[in-house]
Amino acid sequence: MAATRPGRLPGRHRRPAERQATYGEIFAIGEFRALWLAQGLSLLGDQLSRVALSVLVFQRTDSPLATASVYALTYLPPIIGGPLLAALADRHARRRIMIICDLLRAVMVALMAIPGIPFPALCTLVFCVVLLSAPFSAARAALLPELLEGDRYVAGSALQNMTNQGAQMLGFALGGALIMGMGPYRALALDAATFMASALILVAGVRRRSAPSRGDAGRPSMWTMTLAGARLVFGDPRLRTLVLFAWLCGFYVLPEGIATPYAAALTDDPRRVSFVAGLLMGAMPTGTVIGAFLFSRYVSPSRRLLTMGWMAMLTCAPLVLCVLRPPLAVVLALWFVSGVGGAYQLAANAAFVQCVPAERRALAFGLVHSGLLASQGVGILVGGAAADRLGPETVVALAGAAGLLVAAALAVLWTRSRQEIIERVRAEAGA
């Protein structure tokens with residue numbers, strides 16, 4: 001018989017081991033593979049189109065303001081119409097919503113690829129293409145818990161999160177080289193093809209499901225559903241805290257928005273600024289990919305929820321040290337560690353799913369997604385304006401300090417409302 005500690009009976013006070021999902025069993029699910037591949041293609045095309053649009057607009061207008069304005073259009077539409085359009089995915093079949101959005105975006109991007117298209121028409125098309133990402137993203141986020149249950153959902157979310165960051169790094173890295181070789185118009189045509197391929201993958205790989213709410217009699221309007229969704233999300237203290245955890249990214253994403261002026265402050269060689277800026281912009285996504293893998297693979301489901309507040313603080317704390325104006329290698333390490341801490345979003349996402357009724361998930365996720373874009377856009381805008389006066393190092397440090405205080409407050413609120421969710425997760429993981 002194995003030895004036991006004195007005074008402790010074998011097995012007493014021990015909880016059953018929580019089963020953790022593996023990436024292998026997630027990829028064994030055909031519908032998830034289709035959803036994951038469609039997402040990866042679409043994201044890669046999106047990143048390529050951002051680079052292509054920036055080059056195209058600058059070539060045609062020779063105006064940094066016009067270039068920045070078109071890039072800003074990638075943030076504005078979901079903030080304005082995202083919550084309202086996200087309700088579509090709770091009124092109609094989510095697979096159908098995703099396919100229609102992909103097909104419409106393919107047509108619009110193909111129109112953008114026509115040489116000589118007027119600048120106002122180009123801006124209108126950009127606005128509409130990005131606006132359609134709101135119902136698509138809401139439908140995908142709401143469909144994922146139907147494909148994956150329990151810890152499989154967390155593992156699947158981790159894979160999708162790593163795909164997001166990987167597509168971002170790869171899209172920006174390859175975008176310049178591809179556009180140099182084929183030109184911005186052909187790059188936009190390639191983006192249109194990725195949307196079409198995504199739609200075909202969804203048609204072939206994801207089975208049809210009925211709409212979450214059936215029947216037209218007495219069906220509320222989208223505006224009524226949006227208001228009801230806002231009351232659901234912000235009226236529940238648990239959901240409100242989880243949403244604020246998600247929106248915390250406005251503080252720790254800010255450094256990426258001022259990476260170029262930060263790079264200029266780190267090097268005296270103007271020719272190296274773009275290279276250093278690329279390193280800085282890639283540090284956080286790299287940390288997020290590694291953090292998501294480690295957090296989902298080696299931390300138990302309930303432990304993720306218990307450590308979520310500490311991880312959120314980890315995303316902001318390293319940035320405070322930028323006030324010391326460390327060298328490039330140290331800055332990269334600090335930003336990398338901040339990215340690792342961002343893995344807490346996986347736990348927040350899983351807890352959010354536990355608290356939202358299945359028939360309201362698309363709308364709830366749409367509200368959160370719009371707030372995410374708003375927090376990032378506002379954070380980058382404020383950070384850029386402040387960096388002109390205070391310097392990029394000081395602004396990054398201030399963002400880290402403010403984010404750390406907010407994360408600490410959220411961690412305290414979370415300890416008061418997390419127990420019920422943790423017990424539910426433990427029950428599912430031990431099943």
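Conventions we followed
Residues numbered from 1 in each chain as written. Predicted model: local features only at pLDDT ≥ 70, side-chain atom pairs only at ≥ 80, totals over all residues. Heavy atoms only, no water. Salt bridge = Lys/Arg side-chain N within 4 Å of Asp/Glu carboxyl O. Helix = DSSP H or I, 4+ residues; strand = E, 2+ residues; numbered from the N terminus. Buried < 20%, exposed > 50% of the residue type's maximum accessible area, 1.4 Å probe, protein only. Patch = residues over 30% accessible without salt bridge, like charges linked within 9 Å, V, L, I, M, F, W, Y side chains within 5 Å. Areas by Shrake-Rupley, 256 points an atom, 1.4 Å probe, with all protein chains shown as cover. Contact = heavy atoms within 4.5 Å.

> Can you tell me about the pattern of salt bridges, naming the residues and giving the values?
Side-chain pairs of opposite charge can arise whenever the charged atoms involved come near each other. Going through the model one piece at a time under the given rule, you end up with seven salt bridges. In this structure, the salt-bridge partner of Glu-146 is Arg-94, at a minimum N-O distance of 2.7 Å. Taken as a pair, Glu-146 in helix H8 (residues 133–147) and Arg-94 in helix H6 (residues 94–112) lie far apart in primary sequence, 52 residues in all. With a relative accessible area of 35%, Glu-146 lands in the partly exposed category. Asp-102 serves as the salt-bridge partner of Arg-105, at 3.0 Å between the closest nitrogen and oxygen. Of this pair, Arg-105 and Asp-102 both sit in helix H6, three residues apart, which is roughly one turn of that helix. Judged by its relative accessible area of 2%, Arg-105 is buried. The exposure class of Asp-102 is buried, given its relative accessible area of 0%. Here the salt bridges share partners, and the residues they tie into one network are Glu-31, Arg-94, Glu-146, Arg-207 and Arg-209.

> Provide a residue-level description of a nonpolar patch on the surface, including the pertinent values.
Together, Ile-290, Phe-293, Leu-294 and Tyr-298 make up an exposed nonpolar region whose accessible area comes to about 390 Å². Looking at the secondary structure, you find Leu-294 in helix H16 (residues 273–298). Given the relative accessible area of 41%, Leu-294 is considered partly exposed.

> Describe the environment of Val-356, naming the residues involved and giving the relevant values.
Considering the arrangement of structural elements, one finds Val-356 in the loop between helix H20 (344–355) and helix H21 (361–390). Distance from Val-356 to Asp-236, taken between C-alpha atoms, is 10.0 Å for residues 120 residues apart in sequence. Those residues in contact with Val-356 that lie beyond four places of it in its chain are Leu-232, Leu-239, Arg-361 and Ala-364.

> Account for the side chain of Ser-198, naming residues and giving values.
Locating Ser-198 in the fold gives a position in helix H10 (residues 184–205). Overall, the relative accessible area of 0% leaves Ser-198 in the buried class. Leave out the neighbours within four places in its chain, and Ser-198 touches Ala-38, Asp-102 and Phe-136.

> Give me the lowdown on the environment of Met-98, citing residues and values where you can.
Along the chain, the position of Met-98 falls in helix H6. Along the primary structure Met-98 and Ser-137 are separated by 39 residues, whereas in three dimensions their C-alpha atoms are 8.1 Å apart. Leaving out residues up to four positions away in the same chain, Met-98 has contacts with Leu-35, Phe-136, Ala-139, Arg-140, Leu-143 and Leu-202.

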